[in-house]
Amino acid sequence: SIKATNLRLAALASTPTAPVAPKIYMNLALALLLSTSVAIGAALAADYLDRTLRSSEQVEQWLNLPVLTTVPRVAGKRMPAALLGQAGQDGGERAVAKSGMPFTEAFSMLRTSLLLSAPGNDLRVVLVASAAPAEGKTTVAAGLALALAQQLQEDNRVLLVDSDLRRPTVHNVFGLPNRVGLSTVLEGQSKLSETILPSGGAANLLVLPAGPSPR
């Protein structure tokens, strides 16, 4: 009672040379496109969330404060030589200053901006401070003091006071001793006239070191 089926051979089966799945090249292309899109999105999100001030225009826009100047970054070991080279020292220090003209020119611009910010007034005291350590207070204070001392006449003086009693560094810039200073004057252990030292960087620039850190 079994009936014969109507079967015929349509084609011979061939041996496959590649897997049907996964499609490697298509997957790589999709992965590249997806990763590029995610990277661009992450970069745009990081830039949108970043509140770092990176230009003088942003400082004036967000803080509503005038920008006097910008000082280029100088490596810690070269900073004293660049500052003293600004005052015309001989040897390698002058070479460093000559090669770093934007660094020395920044303090000339800062001096001019400060003097022009108070026309008609006798600008006598300038405080250099920052919100966090290692932000360049010593560099700015020393550079500004040298720039002001160069412009003054011989009968005028500039006094640079290092009031950082925890981490004093001004004496290192000018190569001065720190055995006595502001701390010993405040404690009554030394007289102010005996504690103020010539800087060696400019004829009319004097330095009052911070002195030993009080315990």
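Residues numbered from 1 in each chain as written. Predicted model: local features only at pLDDT ≥ 70, side-chain atom pairs only at ≥ 80, totals over all residues. Heavy atoms only, no water.

### Some words on the overall build of the protein
- Broken down by element type, the protein carries nine helices and three strands.
- For the protein, the α and β elements follow one another from N to C terminus as α-α-α-α-α-α-β-α-α-α-β-β.
- Residue burial in the protein is summarised as follows: out of 215 residues, 25% are buried.
- Relative to all contacts within the protein whose residues are 6 or more apart in sequence, the contacts with residues 24 or more apart total 60%.
- For the protein, the accessible surface area stands at approximately 15900 Å², while carbon and sulfur atoms represent 59% of it. (Helix = DSSP H or I, 4+ residues; strand = E, 2+ residues; numbered from the N terminus. Buried < 20%, exposed > 50% of the residue type's maximum accessible area, 1.4 Å probe, protein only. Contact = heavy atoms within 4.5 Å. Areas by Shrake-Rupley, 256 points an atom, 1.4 Å probe, with all protein chains shown as cover.)

### Brief notes about the sheet that holds strand S2 (residues 197-198)
- The mixed open sheet is built from three strands, whose spatial order is S1-S3-S2. Of all strands in the sheet, those with a lone pairing partner are strand S1 (158-161) and S2, marking the two edges.
- Across four bridges, the pairing between S1 and strand S3 (residues 205-208) is parallel. Paired with Val161 across the strands is Leu208, a residue of S3.
- Where helix H6 (residues 137-151) meets the sheet, its contacts fall on S1 and S3, and the angle it forms with S1 comes to roughly 170°. (Pairing = 2+ DSSP bridges. Axes fitted to C-alpha atoms, helices over the stretch in contact; angles between N-to-C directions.)

### Examining a nonpolar patch on the surface
- Taken together, the side chains of Leu53, Trp62, Leu63 and Leu65 present a nonpolar region at the surface, about 420 Å² in accessible area.
- With respect to the element layout, Leu65 can be found in the loop between helix H2 (56-63) and helix H3 (79-86). (Patch = residues over 30% accessible without salt bridge, like charges linked within 9 Å, V, L, I, M, F, W, Y side chains within 5 Å. Salt bridge = Lys/Arg side-chain N within 4 Å of Asp/Glu carboxyl O.)

### Topic: the confidence of the model for the protein
- Considering every residue of the protein, the mean pLDDT works out to 82; 84% of them sit at 70 or more.
- Model confidence for the protein, summarised as mean pLDDT per element, is weakest for helix H4 (residues 92-99) at 40 and strongest for helix H1 (residues 24-49) at 94.
- Note on residues 86-99: pLDDT is under 50 here. Beyond four places in sequence and across chains, it has 26 contacts. (pLDDT = per-residue confidence, 0-100.)

### Things to note about the nonpolar core
- Formed by 14 residues in total, the largest nonpolar core has its most connected members in Leu160, Phe174, Leu205 and Val207.
- Elements represented by at least two residues in this core include exactly H6, S1, helix H7 (170-174) and S3.
- For this core, the element with the most residues is H6, which contributes five residues.
- Counting residues in each nonpolar core, the second largest holds six residues, with Phe103, Phe107, Leu110 and Leu114 among its members. (Core = buried A, V, L, I, M, F, W, Y, C linked by side-chain atoms within 4.5 Å.)

### A closer look at the pairing of S3
- Where S2 lies against S3, two bridges are found, and the strand directions are antiparallel. Of the residues in S3, the one forming a bridge with Leu197 is Val207.
- The turn linking S2 back onto S3 is made up of six residues, and Gly200 within it adopts a positive phi angle of 85°.

### Considerations on the packing of aromatic side chains
- Under the criterion given, the structure shown has zero aromatic pairs.
- Over the face of the ring belonging to Tyr48 we find Arg51, whose NZ or CZ atom lies 5.8 Å from the ring centre. (Phe/Tyr/Trp six-rings, centres within 6.5 Å; stacked < 30°, edge-to-face > 60°. Lys NZ or Arg CZ within 6 Å of the ring centre and 35° of its normal.)

### Notes on unusual backbone geometry
- Note the cis peptide between Ala21 and Pro22, where omega equals 0°.
- Along the chain, Pro22 falls in the segment before H1.

### Quick word on the side chain of Thr69
- You can see Thr69 is positioned in the loop between H2 and H3.
- In terms of polar contacts, Thr69 uses its side chain to reach the backbone carbonyl oxygen of Ala106, at 3.4 Å.
- If near-sequence neighbours (up to four positions away) are discounted, Thr69 is found in contact with Ala106, Met109 and Leu110. (Polar contact = N/O pair within 3.5 Å; in protein donor to acceptor, adjacent residues only side chain to side chain.)

### Topic: H1
- Look at H1: 37 Å from first C-alpha to last across 26 residues, which is about the 38 Å you get at 1.5 Å a residue.
- Within H1, only zero of the 26 residues are buried, which leaves it mostly out in the open. (Expected span 1.5 Å × (residues − 1).)

### Some remarks on the side chain of Ser190
- Mapped onto the elements of the fold, Ser190 is located in the loop between helix H8 (182-186) and helix H9 (192-195).
- Of note is the side chain of Ser190, whose polar atom sits 2.8 Å from the side chain of Thr184.
- A polar side-chain atom of Ser190 sits 3.1 Å from a polar atom in the side chain of Thr195.
- Not counting residues up to four positions away in its chain, the partners in contact with Ser190 are Val180, Gly181, Thr184, Val185 and Thr195.

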